[in-house]
Amino acid sequence: MNLALYGYGPEAEREWIVVDCGVSFAGPDMPGVDLVFPDIRFLEDKLSNLKGIVITHAHEDHYGALLDLWPRLKAPVYATEFSAGLLAAKREGEPGATKIPVEIFKAGDRFKLGAFEIEAINVTHSIPEPVALAIRTPSGLVLHTGDWKIDERPVLGKPTDEKRLREIGDEGVMTLVCDSTNAMREGVSPSETEVAASLRDIIQKASGRVAVTTFSSNVGRIRSVALAAQECGREVLLMGRSMRRTIDVARELGYMEGVNDFLTEQDFGYVPRDKVVIILTGSQGEPRAALARLSRDEHPQVALAKGDLIIFSSRAIPGNEKPIIDIKNAFLERGVEILEDSDALVHVSGHPRRSELRKMYEWLRPQTAIPAHGEPAHLAAHAELARELGVKHVVEARNGKMVLLSPGKGEIIDEVPVGRLYKDGRLLGTAEDMGILERRRLSFVGQVSILIELDKKRALKDDPDIVSIGLPIEDGEGEDLEDILIDAAADAVESIPPERRKDADKVREAVRRAVRSAAYEAWGKKPLTTVFVTIG
């Protein structure tokens, strides 16, 4: 979930630019949440001086929050043609989404945003048209890499522009803000061309259907699989809305040259098993993606059976391991074979390993390094490497830290409010706004609602009424748990002298405490408890 904010000038008149505006995905600790966005409250106070939003590439964690957050920002957006195309296609799939005007740029272009001059530099990544940004100001130059790697033989686009990066290094780089995702891995990432060759060999040897699951944005990988299938005499079925949307944009821009039209799902059943390849979404275990549906055998026209092969042309994002394993197990139970990157060269990362990082530092020779884009372990490993390479100032910044880049050495000078916003259905707000914390508690301890009816003399009219959700039916002795809670509620009311029962709040709190205590004694957990009291 990337959003970087660069400011220039005295505090009262400071101009700002945003680099990337990404989204993250909810884990099991956020029940019901659809998406997670960065909290932009600090930025919302600076809108009059916000000069623009620059997108480095169209991965969700770099541009996916634009549709929801842009209406709050309304600043000019700058993106490459592919990123702009994906944004437009994404908007068409979300009714009511705001149309965002986008200024198109390409690698090699320069444009000014207030005091900032931005130069886009071609890099290689696992999506078309990724760029690094040389951000020039009167005080110095910052190189913001975005996501990148060194691949001398990419299957799409040109290699990372070493010549231009060396020239920028000669110009003088004040600060390098650099991708850390693979900073713990030694060596150099294999080329996409090697992965393409390996996939072709695997498909050639397969005797049944072959399904390849990968990220929907990895156009180069999808193209490689499609071409490999054609060489092996197989037709290709594309499954997954996001993947089809991405490939539609890629075709319009000429990135699918040489790839035949894809099969329809209706035609799938008429193609022999050894003459078809399926490329589909769901590599991260998403429950509604095409792969998960096939694992549950829920698709009306497409299925996999014993002797078929699924290739996971991806690596699990941390936190997604369990749903991925569940999907694999479902297929293995049916005799479907599984092949992943630990078995063969079927995937390669789009991020630089340590030897590639060393080259970037050799080309740029920055005065200050700020490791970015990674978990704390990756950031720490990157910082250690930068120090080993002789960088004068290494700033280990985290979310919300304000770093002074010039004048003087790079250093943390302040902290600004940061956090997360949660999209839940049609609404967007903080964890408190959306009830996320209570929802999480509900998922662990359930909920009890109790109605206490008192007559005019403040006596119980009848036994308390109770509705429980998510609680066990009986305690360990076999006694009905709701009966236990009803008794506890009634006893709590009876323990209050009648003259003091006219205070409904006092009755409500006494019953709430008694019910939670009784539940804890019987069950070992305290449910969320709501008490309603009527008098008269």
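Caption draft 1: Representation of helix H5 (residues 162–171) within the structure. Taken together, the buried positions of H5 are Arg164, Leu165, Ile168 and Gly169. End-on view of H5: buried residues confined to an arc of 145°, all on one side of the axis. Facing away from the buried side of H5 by more than 90 degrees, the exposed set consists of Lys163 and Asp170. Those residues of H5 that are buried lie in contact with strand S8 (110–113), strand S9 (116–122), strand S10 (131–137), strand S11 (140–144) and helix H12 (354–364). Of the residues one or two after H5, Gly172 is the one with positive phi, at around 110°.

Caption draft 2: Looking closely at the pattern of salt bridges. Enumeration over the complete set of coordinates arrives at 33 salt bridges. Residue Asp68 pairs with Lys423 through a salt bridge whose shortest N-O separation is 3.1 Å. One end of the pair, Asp68, is in helix H3 (residues 66–73); the other, Lys423, is in strand S22 (residues 420–424), and 355 residues separate them in sequence. With a relative accessible area of 15%, Lys423 lands in the buried category. Notably, a salt bridge pairs Arg136 with Glu171, separated by 2.8 Å at the nearest N-O pair. Note that Arg136 is positioned in strand S10 and Glu171 in helix H5, a separation of 35 residues in sequence. One continuous salt-bridge network, built from bridges that share partners, spans Arg110, Glu117, Glu119, Arg136, Lys163, Arg164, Glu167 and Glu171.

Caption draft 3: Main features of the packing of H5 against H12. With their axes 7 Å apart at the nearest point, H5 and H12 run at an angle of 50° to one another. In terms of axis orientation, H5 runs oblique to H12. Every residue of H12 that contacts H5 at Glu162, Leu165, Arg166, Ile168 and Gly169 is listed here: Met360, Glu362, Trp363 and Leu364. Its residues assigned to classes, the contact of H5 with H12 comprises five nonpolar, one polar and three charged.

Caption draft 4: Quick peek at the packing of aromatic side chains. For the structure on display, the rule yields four aromatic pairs. Judged by centre distance (4.8 Å) and plane angle (5°), the ring pair of Tyr78 and Phe111 falls under stacked. Residue Tyr78 is found in strand S6 (residues 77–79), and its partner Phe111 is found in strand S8; the two are separated by 33 residues along the sequence. Given the relative accessible area of 13%, Phe111 is considered buried. Measuring from ring centre to ring centre gives 6.2 Å for Phe82 and Tyr255, while their planes differ by 85°; the resulting arrangement is edge-to-face. Placement of Phe82 in helix H4 (residues 81–92) and of Tyr255 in the loop between helix H8 (241–252) and helix H9 (265–268) is noted, with a sequence separation of 173 residues between them. Summarising the burial analysis for this pair, Phe82 and Tyr255 share the class buried.

Caption draft 5: View of the sheet that holds strand S19 (residues 393–394). Pairing within the open sheet is mixed, and its seven strands lie in the order S8-S9-S10-S11-S12-S18-S19. The open sheet has two edge strands, S8 and S19, and neither has a second partner. Strand direction decides the pairing type here: strand S18 (residues 368–372) and S19, joined by two bridges, are parallel. Paired with Thr368 across the strands is His393, a residue of S19. On the sheet, H5 packs against S8, S9, S10 and S11 and is oriented at approximately 145° with respect to S9.

Caption draft 6: Main features of the sheet that holds strand S3 (residues 24–25). Overall, antiparallel pairing links the four strands, which are arranged S3-S4-S22-S23 in an open sheet. Sheet topology places S3 and strand S23 (427–429) at the edges, where each strand pairs with a single neighbour. With two bridges connecting them, S3 and strand S4 (residues 35–38) associate as antiparallel partners. Each residue of the ladder has a partner; that of Phe25, found in S4, is Leu35.

Calculation criteria
- Residues numbered from 1 in each chain as written.
- Predicted model: local features only at pLDDT ≥ 70, side-chain atom pairs only at ≥ 80, totals over all residues.
- Heavy atoms only, no water.
- Buried < 20%, exposed > 50% of the residue type's maximum accessible area, 1.4 Å probe, protein only.
- Helix = DSSP H or I, 4+ residues; strand = E, 2+ residues; numbered from the N terminus.
- Arc of directions from axis to C-beta.
- Contact = heavy atoms within 4.5 Å.
- Salt bridge = Lys/Arg side-chain N within 4 Å of Asp/Glu carboxyl O.
- Axes fitted to C-alpha atoms, helices over the stretch in contact; angles between N-to-C directions.
- Parallel < 35°, antiparallel > 145°, perpendicular 65-115°, else oblique.
- Nonpolar A, V, L, I, M, F, W, Y, C, P; charged D, E, K, R; others polar.
- Phe/Tyr/Trp six-rings, centres within 6.5 Å; stacked < 30°, edge-to-face > 60°.
- Pairing = 2+ DSSP bridges.

No statement about biological role is implied by the geometric values presented.
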